[in-house]
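Spelled out from the first residue to the last, the chains are:
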Amino acid sequence: AATPSRFRGTPPPGIPERKLAELDRVAANADLSLAQSRRRPDLMWSIAARAMPPHGEFAGVNASVGIVIPIWGGLGGDIAASRRGLAAAEARKAAVERDLAAAAATARASLEAARLRRSALDGAVLPRAVASYALSRRVYASGRGSIDDALLAWDALISVKRERVAAHRDEELRAAELARVEAR
């Protein structure tokens, strides 16, 4: 529990939100291409050979050629709708990028605050709590202090050590958050 970094593991190869937004944009682009292809003329052809049962006598060959030309404007609405869908997908992708940039900035700031907190606890608060406890024990052992002072100093030391473990955990959690939103 005191070294949570070994539980963090490796970050994923990419950010799921970014991948999902890109897939949404690709799908909207494919819808637009499909709608545009429906407006092109469609050429059809077929060849059929006929035989007469039961002896399989040859009865003839039919060949047909056809073309479908979309002459009414109904398909233009599909293209416009597909363009709006593509624009919406691109807007969602841009929003995801903005959200990820904001989350990364927040995670960097939170990580820096957690590091400063841990550094303050390790560098100043914990040594002072240890010194205070040691001094209160010496004063009590000499007969000039009370047991209450020694117990309060011991309780304060335990609280600082708990706070230090919580600060280490918080720093690792912030580092994990930053790794999640900055994965490339």
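Okay, so let's go over this structure. Computed from a predicted model, the values in this text were never measured in an experiment. (Residues numbered from 1 in each chain as written. Predicted model: local features only at pLDDT ≥ 70, side-chain atom pairs only at ≥ 80, totals over all residues. Heavy atoms only, no water.)

### Describing the overall build of the chain
Moving on, step 1. Broken down by element type, the chain carries four helices and two strands.
Moving on, step 2. Mapped from its N terminus to its C terminus, the chain presents α and β elements in the order α-α-β-β-α-α.
Moving on, step 3. Relative to the 2.2 N^0.38 estimate, which gives 16 Å for 184 residues, the radius of gyration of the chain is 37 Å and therefore markedly larger than a compact globule would have.
Moving on, step 4. Reported as C-alpha extents along the three principal axes, the dimensions of the chain are approximately 125 × 45 × 25 Å.
Moving on, step 5. For the chain, long-range pairs separated by at least 24 residues make up 73% of all intrachain contacts whose partners lie at least 6 apart in sequence. (Helix = DSSP H or I, 4+ residues; strand = E, 2+ residues; numbered from the N terminus. Rg over C-alpha atoms; globule rule 2.2 N^0.38 Å. Contact = heavy atoms within 4.5 Å.)

### Observations regarding the nonpolar core
Moving on, step 1. Counting residues in each nonpolar core, the largest one holds 11 residues, listed as Ile15, Ala21, Val96, Leu100, Ala104, Ala107, Leu111, Ala175, Leu178, Val181 and Ala183.
Moving on, step 2. The dominant element in this core, judged by the number of residues it contributes, is helix H3 (residues 74-142), at five residues.
Moving on, step 3. Ala28, Leu32, Leu86 and Ala89 belong to the second largest nonpolar core, which has six residues in total. (Core = buried A, V, L, I, M, F, W, Y, C linked by side-chain atoms within 4.5 Å. Buried < 20%, exposed > 50% of the residue type's maximum accessible area, 1.4 Å probe, protein only.)

### Looking at the environment of Arg25
Moving on, step 1. In this fold, Arg25 is placed in helix H2 (residues 16-37).
Moving on, step 2. A relative accessible area of 22% means that Arg25 is categorised as partly exposed.
Moving on, step 3. In the structure, Arg25 is positioned 68 residues away from Lys93 in sequence and 7.5 Å away in space, judged by C-alpha atoms.
Moving on, step 4. Apart from residues lying up to four places away in sequence, Arg25 is in contact with Leu86, Ala89, Glu90 and Lys93.

### Details of helix H4 (residues 147-182)
Moving on, step 1. For H4, spanning 36 residues, the distance from its first C-alpha to its last is 52 Å, which sits close to the expected 52 Å at 1.5 Å a residue.
Moving on, step 2. For H4, every residue scored as buried is listed here: Ala150, Ala153, Leu157, Val160, Ala167, Asp170, Glu171, Glu172, Ala175, Leu178 and Val181. (Expected span 1.5 Å × (residues − 1).)

### Re H2
Moving on, step 1. Given a rise of 1.5 Å per residue, 22 residues ought to cover 32 Å, and the 31 Å separating the end C-alpha atoms of H2 matches this to within 8%.
Moving on, step 2. Inspection of H2 places Ala21, Ala28, Leu32 and Ala35 among the buried residues, and these make up the whole buried set. One side of H2 carries all its buried residues, which in axial view fall inside an arc of 65 degrees. Exposed positions of H2 whose direction lies more than 90 degrees from the buried face are Pro16 and Leu23. (Arc of directions from axis to C-beta.)

### Structural notes on the environment of Ala175
Moving on, step 1. Take Ala175: it is sitting in helix H4.
Moving on, step 2. A residue is classified by how much of its surface remains accessible, and Ala175, at 14% relative accessible area, is buried.
Moving on, step 3. A C-alpha to C-alpha distance of 80 Å links Ala175 and Pro53, two positions 122 residues apart in sequence.

### Some details on a nonpolar patch on the surface
Moving on, step 1. Taken together, the side chains of Leu43, Trp45, Ile47, Phe58, Val61, Val65, Ile67, Ile69 and Ile71 define a hydrophobic patch exposed on the protein surface, amounting to about 1,100 Å² of accessible area.
Moving on, step 2. Contributions of two or more residues to the nonpolar patch are made by strand E1 (42-52) and strand E2 (57-68).
Moving on, step 3. In terms of residue count, the dominant contributor to the nonpolar patch is E2 (four residues).
Moving on, step 4. As for its placement among the helices and strands, Trp45 is situated in strand E1. (Patch = residues over 30% accessible without salt bridge, like charges linked within 9 Å, V, L, I, M, F, W, Y side chains within 5 Å. Areas by Shrake-Rupley, 256 points an atom, 1.4 Å probe, with all protein chains shown as cover. Salt bridge = Lys/Arg side-chain N within 4 Å of Asp/Glu carboxyl O.)

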